[in-house]
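Understanding the architecture of this molecule
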Amino acid sequence: FKGANVDAIFGGVELDLSESIIKHDQIINASAIFGGIDIKAPKGVNIKVKSTPIFGGVSNKLKNDYNESIPTIYINAFCLFGGVDVKWPHYKK
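I will try to describe carefully the structure that is included in this document. (Residues numbered from 1 in each chain as written. Predicted model: local features only at pLDDT ≥ 70, side-chain atom pairs only at ≥ 80, totals over all residues. Heavy atoms only, no water.)

1. Considerations on the nonpolar core
As a rule of thumb, soluble globular proteins bury nonpolar side chains together. Residues Ile28, Ile37, Ile39, Ile47, Ile73, Ile75 and Val84 are the most contacted members of the largest nonpolar core, which totals 22 residues. Counting only elements with at least two residues in this core, the list comes to β1 (4-9), β3 (26-33), β4 (36-40), β7 (72-80) and β8 (83-87). Sort the elements by how many residues they give to this core and β7 lands first, with 4 residues. When residues no more than four places from it in sequence are discounted, the contact partners of Val84 are Ala30, Ala32, Ile37, Ile39, Gly57, Val58, Ser59, Ala77 and Cys79. (Core = buried A, V, L, I, M, F, W, Y, C linked by side-chain atoms within 4.5 Å. Buried < 20%, exposed > 50% of the residue type's maximum accessible area, 1.4 Å probe, protein only. Helix = DSSP H or I, 4+ residues; strand = E, 2+ residues; numbered from the N terminus. Contact = heavy atoms within 4.5 Å.)

2. Quick look at the pattern of salt bridges
A full pass over the atoms with the stated rule returns 3 salt bridges. A salt bridge links Asp85 to Lys61, with the shortest nitrogen-to-oxygen separation between them at 2.7 Å. Highlighted residues: Asp85 in strand β8 and Lys61 in the loop between β6 (57-60) and β7, separated in sequence by 24 residues. Looking at Asp85, the relative accessible area reads 10%, which means it is buried. A relative accessible area of 23% means that Lys61 is categorised as partly exposed. The salt bridge partner of Lys87 is Asp85, with a shortest N-O separation of 3.6 Å. Taken as a pair, Lys87 and Asp85 share a single burial class, namely buried. Salt bridges here are not isolated pairs; linked through shared partners, they connect Lys61, Asp85 and Lys87. (Salt bridge = Lys/Arg side-chain N within 4 Å of Asp/Glu carboxyl O.)

Here it is, written out as structure tokens:
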């Protein structure tokens, strides 16, 4: 996995990284405009989320402590009447 640009406009995207091998820091740029994006994170990485929500939001269901020795996935989210959901693959609503 080498980062991604993910756009959901009047629809949805599921980005399943649960089986991905992350060796270096990566960036995901996510834009949800009247839509939604679900990101399923792999184990063994840090997740840092930065968001700009306008009548929308980001839900980060990951509870992990930052570990300097493992890679970090940086998620830059823009939400306009939409949302981005970050979770582990086994997470149940």
